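Listed below, chain by chain, are the residues.
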Amino acid sequence: MVSTVVVLTISRKLGYVSFPSLQKDTFKRIWPLPLIFAGNMMTGLGGTQQLSLPMLTVLRRFSILMTMMAEYYILGITASCSVQLSVYMMIFGALVAASEDLAFNLQGYMYISLNNVLTASNGVYLKKKLDAKDLGKNGLLFYNSLFMIPVALIIAAASGDLHKAWEFQQWSDIGFLSQFMGSCFMGFVLSYSTLLCTQYNSPLTTTIVGCLKNIAVTYLGMVIGGDYIFSVTNFIGLNISVAGSLVYTWVTFREKGTKKPEANVDEKPLLTKEKESPA
């Protein structure tokens, strides 16, 4: 969050980006994104800590269904039958992959369930704020991070994480610092790319892209090891879910290709020239 504020502030000073200055009603205009962002961050980290990578990937797929429902109730967007079938295919694959889970972890499941709800809410409300064109994408990202810094500090202090960070022994290690700063900057890149994806696509597409990222990490875990224990059922379920994502991509591009731009009767051709009246 600090890196986002710093990068956007410097970019604004240099004239690369622009967004409105802080005003009395800025927090009201951006609400409830900071709250959703904080909850999404905490539940995501909590679920990652409690669950194995394959199970985390499987349960995160349910955020796709929740995003589709949130689009309908908040944005008034009704998904086509083809899109709904592809989403149900992803969920079916997730259920197959999770069917052999023997390591029941109620706390981890609660974290991920809340994270799914907050992921769907974040995508939909972000799209709603972007469509309003109130603060712009840079303003949304800047003020969302700015308002979350004191909240995150309070949470970190209350949980004891801030004290652990203060006592960390490698703050003077150049190698660690360079990697840590690089990680912070890549966090800004991830947030900015997610924002752009939401601006140019639907929240449902953004959520599916995020879940595909998790599946790619799981496939990588099959190669390099880690906490991944290979299961045929889990592997089949993941591939069914990926197939559903491919079907969704095909359906989405096909629907975009068949939509024709509406003619605007008030719009004049750009290259026409009015005839001069005879003298």
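Residues numbered from 1 in each chain as written. Predicted model: local features only at pLDDT ≥ 70, side-chain atom pairs only at ≥ 80, totals over all residues. Heavy atoms only, no water.

(A) How the structure looks around the overall build of the protein. Counting secondary structure elements, the protein contains 12 helices and zero strands. In the protein, the succession of helices and strands from N to C terminus is α-α-α-α-α-α-α-α-α-α-α-α. Evaluated residue by residue, the protein yields a buried proportion of 37% over its 279 residues. Contacts in the protein between residues far apart in sequence, at least 24 positions, make up 83% of those at least 6 positions apart. Carbon and sulfur atoms make up 66% of the accessible area of the protein, which totals about 17400 Å². (Helix = DSSP H or I, 4+ residues; strand = E, 2+ residues; numbered from the N terminus. Buried < 20%, exposed > 50% of the residue type's maximum accessible area, 1.4 Å probe, protein only. Contact = heavy atoms within 4.5 Å. Areas by Shrake-Rupley, 256 points an atom, 1.4 Å probe, with all protein chains shown as cover.)

(B) Region of interest: the pattern of salt bridges. In the structure shown here, the tally under the stated rule is one salt bridge. With a closest N to O distance of 3.6 Å, Asp-25 and Arg-29 form a salt bridge. Accessibility expressed as a relative area gives 35% for Asp-25, which makes it partly exposed. Owing to a relative accessible area of 18%, Arg-29 belongs among the buried residues under this scheme. (Salt bridge = Lys/Arg side-chain N within 4 Å of Asp/Glu carboxyl O.)

(C) Focus on the UniProt feature "transmembrane region" (unreviewed entry) in the protein. This chain's UniProt record puts "transmembrane region" (unreviewed entry) on residues 72-96, 108-126, 138-156, 176-197, 204-222 and 228-251. Secondary structure within residues 108-126 divides into 100% helix and 0% strand; the distance between the first and last C-alpha atoms comes to 26 Å. In residues 138-156, helix accounts for 100% and strand for 0%; the two terminal C-alpha atoms are 26 Å from one another. (UniProt positions renumbered as here; feature names shortened; annotations may be inferred.)

(D) Just helix 5 (residues 62-75), in detail. Helix length check: helix 5, at 14 residues, gives a terminal C-alpha distance of 19 Å against a target of 20 Å (1.5 Å per residue), a fit within 8%. Burial in helix 5 covers these residues: Ser-63, Ile-64, Thr-67, Met-68, Ala-70 and Glu-71. The buried residues of helix 5 occupy one face: seen down the axis, they fall within an arc of 165 degrees. Residue Gly-76 follows helix 5 closely and has a positive phi angle near 75 degrees. (Expected span 1.5 Å × (residues − 1). Arc of directions from axis to C-beta.)

(E) Examining the packing of aromatic side chains more closely. Scanning the model with the defined rule gives 14 aromatic pairs in all. Ring centres of Phe-176 and Phe-180 lie 5.7 Å apart, and the angle between their planes is 25 degrees; on these two criteria the pair is classed as stacked. Taken together, the positions of Phe-176 and Phe-180, both in helix 10 (residues 174-200) and four residues apart, correspond to about one turn of that helix. Between Phe-185 and Phe-188, the ring centres sit 6.0 Å apart and the planes meet at 45 degrees, which makes this aromatic pair tilted. Taken together, the residues span about one helical turn, with Phe-185 and Phe-188 both in helix 10 at a distance of three residues. On the basis of relative accessible area, Phe-185 is assigned to the partly exposed category, the value being 40%. (Phe/Tyr/Trp six-rings, centres within 6.5 Å; stacked < 30°, edge-to-face > 60°.)

(F) Seen up close, the nonpolar core. Ranked by internal contacts, the top residues of the largest apolar core, which has 16 residues, are Leu-8, Phe-19, Ile-30, Leu-126, Leu-140, Phe-142 and Tyr-143. Every residue in contact with Tyr-143, bar those within four places of it in the chain, is listed here: Phe-19, Pro-20, Ser-21, Leu-22, Thr-26, Ile-30 and Leu-135. By size, the runner-up hydrophobic cluster in this structure holds 11 residues, among which are Ile-64, Ala-79, Met-90 and Ile-208. (Core = buried A, V, L, I, M, F, W, Y, C linked by side-chain atoms within 4.5 Å.)

(G) Just the side chain of Arg-29, in detail. Structurally, Arg-29 can be placed in helix 2 (residues 26-30). There is a polar contact of 3.3 Å between the side chain of Arg-29 and the side chain of Gln-23. (Polar contact = N/O pair within 3.5 Å; in protein donor to acceptor, adjacent residues only side chain to side chain.)

(H) Inspection of the side chain of Asn-116 at higher detail. Along the chain, Asn-116 turns up in helix 7 (residues 106-132). The class of Asn-116 is buried, set by a relative accessible area of 3%. Beyond its immediate stretch of four places on either side in the chain, Asn-116 contacts Leu-59, Arg-60, Phe-62, Ser-63 and Met-66.

(I) Examining the packing of helix 8 (residues 136-159) against helix 10 more closely. At a minimum axis distance of 11 Å, the contact between helix 8 and helix 10 shows a crossing angle of 135 degrees. Taken together, the axes of helix 8 and helix 10 are oblique relative to one another. Between helix 8 and helix 10 the crossing geometry is right-handed. Residues Lys-137, Asn-138 and Leu-141 of helix 8 pack against Phe-188, Ser-191, Tyr-192, Leu-195, Leu-196 and Gln-199 of helix 10. Here the residues of the contact of helix 8 with helix 10 sort into five nonpolar, three polar and one charged. (Axes fitted to C-alpha atoms, helices over the stretch in contact; angles between N-to-C directions. Parallel < 35°, antiparallel > 145°, perpendicular 65-115°, else oblique. Left-handed = near helix turned anticlockwise from the far one by under 90°. Nonpolar A, V, L, I, M, F, W, Y, C, P; charged D, E, K, R; others polar.)

(J) A look at a nonpolar patch on the surface. Together, Val-2, Val-6, Ile-10, Leu-14 and Tyr-16 give the surface a local cluster of nonpolar side chains, amounting to about 550 Å² of exposed area. Inspection of the secondary structure puts Val-6 in helix 1 (residues 2-13). Val-6 sits in the partly exposed class, given a relative accessible area of 41%. (Patch = residues over 30% accessible without salt bridge, like charges linked within 9 Å, V, L, I, M, F, W, Y side chains within 5 Å.)

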